[in-house]
Amino acid sequence: MSDQLQPRRPLRLAVTTPWYPGSNNPFAGVFVLHAIEAVQSVDPGAVEATIYHAEDWPTPIDPVFSRVARWAMRTMTDASHDARPRTVREGTLHRVRVPSRPGRGFLRHAEDHVAAVRRILPDGTIHADVVHAHEGLFGGLVATRLAAPEVPIVVTEHDTRLRKLLSAPEARAAYGEILERASRFYAVSEMLADQVRGYVPMLAHKVEVLPNAVAFDALPMREEQVTSLDRWLYVGRLLEHKGVMRLVTAFAECARTRPRLRLTIIGGGPLGTALQARAEELGVADRVSFRGPVAHEEVQRAMAEHDLLVHLSERETFGMTLVEAVSSGLPVLATRSGGPQETMAGLRTKAGRLIEVGTDEQGRDIEPVVEAFAQMEAEIADLDLPWARAQLYDRYSQHSVGSRLLSVYRELASARGEVEKR
């Protein structure tokens, strides 16, 4: 049989990531899942994916208890127990627990990720046609240290914490090692790409922008456009930099003269108790619902049931939640926190409003939020979410992003094959 008549075997794609949806956190790393699905949707059967998810698990601060917890986790992540591969819709998933030790430092913890994944590999090496690492320091270091020497590596940086992660010289040196090894290095926004270039200026030429893929087909547009903004929704981690204190405080002020206003908060995090206390303090506890972390499918249902997504973060690398909201017909009120002004570029007020990031540590600088909300209420008839969705589809659909990724995978795998023939 000639080569032309032989069926092409699937390209073996290995994915390394510190984030992936699971029972411990069903919303974590949905964008990694969507990237795999995007490639597979372009040419079904073209890619055979194996995902290596090194999942952080906290341990006690006390060193003795921490040591006991680490021993227990290592026992559970033995290849014969927790880390046995499981078949998922997008491929084969290996999930391995990585103990998070207080005071360990980011680079040493990234090296713990490497060690944890190495233990579940038969020969300590990742063999594939291409490795795609999501998140630069953690997923990138796993790929750089464990991929077979001839295997090309693609890295996608998503992380909002670069300033903190790369504060130590040794972490920046390791990041340079990752960039040097990568055949392609992408950031999900121009803002994030500029940050990476600033930390590793000698390799700035290698940094490109490739946005996250958004599963538009799983986000049906509501049949009728919103006619009121009474039901607010927040989706994300309950962290200080996410602006959640400002959110609850602004909601309470807006709700003071609007008895129909309600707020649903989806997500978990260390500020959960403090947010409930703030709602009690401001007299709106009975109008704020805390739902905790939920599966991505439930987030999509919540978007269809609410009238406005409010997201007041200090920094965002992309703004996936905003894109998904607009695509489902949910207008947004968000901050110019990096990624959002790129993802929302050109939509004007057809999809909502962008305001400046808050500066008050207690989240009490709410005037811009209150004012923007009042403007949106007054001009609600000017919203055009179907038009906005069409603009976003052209930029971020799984077909658009997946086509680019599949082309890169094939190019790199083909180049590797040519080298091996020589």
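Not measured: the values here are computed from a predicted model. Sequence order as written defines the numbering, with residues in each chain counted from 1. The predicted nature of this model means local features are confined to residues of pLDDT at least 70 and side-chain atom pairs, given and counted, to a pLDDT of 80 or more, with totals for whole chains, interfaces and linings taken over all residues. With hydrogens and water set aside, each side-chain value is computed from the structure's full complement of heavy atoms.

**Q** Just give me the short version of the packing of helix α3 (residues 106-119) against helix α4 (residues 138-146), but keep the residues and values in it.
**A** In this analysis an axis means a line fitted to C-alpha atoms, helices contributing only their contacting stretch, and an angle means the value between N-to-C directions, from 0 to 180 degrees. Going along the chain from the N terminus, every DSSP run of H or I of four or more residues is numbered as a helix, and every run of E of two or more is numbered as a strand. Where α3 meets α4, the closest approach of the two axes is 9 Å, and the angle between their N-to-C directions is 50°. Classed by the angle they form, the pair α3 and α4 counts as oblique. For α3 against α4, the interelement crossing comes out right-handed. Here F106, L107, H109, A110, E111, H113, V114, V117 and R118 of α3 lie close against α4, whose contacting residues are F138, L141, V142, R145 and L146. Residues are sorted three ways: Asp, Glu, Lys and Arg are charged, Ala, Val, Leu, Ile, Met, Phe, Trp, Tyr, Cys and Pro are nonpolar, and all the rest, Gly among them, are polar. Its residues assigned to classes, the contact of α3 with α4 comprises nine nonpolar, two polar and three charged. We call two directions roughly parallel when the angle between them is under 35 degrees, roughly antiparallel when it is over 145, roughly perpendicular when it lies between 65 and 115, and oblique otherwise. Each crossing is labelled by how the near helix is turned from the far one, with a counterclockwise turn of less than a right angle marking it left-handed and a clockwise turn marking it right-handed. For this analysis, residues touch if any pair of their heavy atoms sits within 4.5 Å.

**Q** Which residues make up helix α6 (residues 169-181), and what values do they have?
**A** Compared with the 18 Å implied by 1.5 Å per residue over 13 residues, the 19 Å span of α6 between its first and last C-alpha is a close match. Categorising residues by exposure relies on relative accessible area from a 1.4 Å probe, with only protein chains included: less than 20% of the type maximum marks a residue as buried, more than 50% marks it as exposed, and the intermediate range marks it as partly exposed. All of the buried residues in α6 are A171, A174, Y175, G176, I178 and L179. What a helix is expected to span follows from its residue count: subtract one and scale by 1.5 Å.

**Q** Requested: an account of the side chain of T144, with residues and values cited.
**A** Looking at where T144 falls in the secondary structure, it is placed in helix α4. The buried category is assigned to T144, whose relative accessible area is 12%. Identification of polar contacts relies on pairs of N or O atoms within 3.5 Å, with a donor-acceptor requirement for protein atoms, meaning one able to donate a hydrogen and the other able to accept it, and with residues adjacent in sequence counted only if both atoms are side-chain atoms. Within the local environment of T144, its side chain forms a polar contact with the backbone oxygen of G140, the two atoms lying 2.8 Å apart. Discounting chain neighbours no more than four positions away, the residues touching T144 are I153, E177, I178 and R181.

**Q** Go over a negative patch on the surface, please, and point to the residues and values.
**A** Together, E240, E314, D360 and E361 make up a region of like negative charge exposed at the surface. Structurally, D360 is set in the loop between β14 (352-355) and α13 (367-378). On the accessibility criterion, D360 (37% relative accessible area) is partly exposed. Patches here: salt-bridge-free residues with over 30% relative accessible area, like charges joined within 9 Å, nonpolar side chains (Val, Leu, Ile, Met, Phe, Trp, Tyr) joined within 5 Å. Note that accessible areas follow from Shrake-Rupley with a 1.4 Å probe, and for residues the cover is restricted to the protein chains shown. One side-chain nitrogen of Lys or Arg within 4 Å of one carboxyl oxygen of Asp or Glu is enough to make a salt bridge. Only four residue types enter the tally: Lys and Arg on the positive side, Asp and Glu on the negative side, with His and both chain ends excluded. Working definition for charges: the position is that of NZ of Lys, CZ of Arg, CG of Asp or CD of Glu.

**Q** Please provide a residue-by-residue account of the pairing of strand β11 (residues 288-292), values included.
**A** Here, any two strands with at least 2 DSSP bridges between them count as paired. Of the pairings in the sheet, the one linking strand β10 (residues 262-266) to β11 comprises four bridges and is parallel in character. Bridge pairing links I266 to G292 in β11. Here a crossover is taken to be right-handed if, once the strands point away from the viewer, the path from the first strand over the helix to the second is traced clockwise. A crossover connection joins β10 to the parallel β11 through helix α9 (residues 272-281); in handedness this β-α-β unit is right-handed.

**Q** Break down the pairing of strand β7 (residues 184-187) for me, citing the residues and quoting the values.
**A** The side-chain alternation of β7 yields two buried faces, one formed by R184 and Y186 and the other by F185 and A187. One ladder, built from four bridges, connects strand β6 (residues 153-157) with β7; its direction is parallel. The residue of β7 that forms the bridge with V154 is R184. In this sheet, strand β8 (residues 207-209) lies alongside β7 in parallel orientation, the contact comprising three bridges. From the neighbouring strand, Y186 faces β8, where its bridge partner is E208. You can see the chain leave β7, run along helix α7 (residues 190-199) and come back into β8, and the turn it takes is right-handed.

**Q** Tell me about unusual backbone geometry, and name the residues and values.
**A** Its identity is not glycine, yet E135 carries a phi of approximately 80°, on the positive side. Looking at where E135 falls in the secondary structure, it is placed in the loop between β5 (130-134) and α4. Note on E135: relative accessible area 0%, which makes it buried. Despite not being glycine, R348 has its phi angle at roughly 50°, a positive value. Position of R348 relative to the elements: it lies in the loop between α12 (339-343) and β14. Since its relative accessible area comes to 58%, R348 is described here as exposed.

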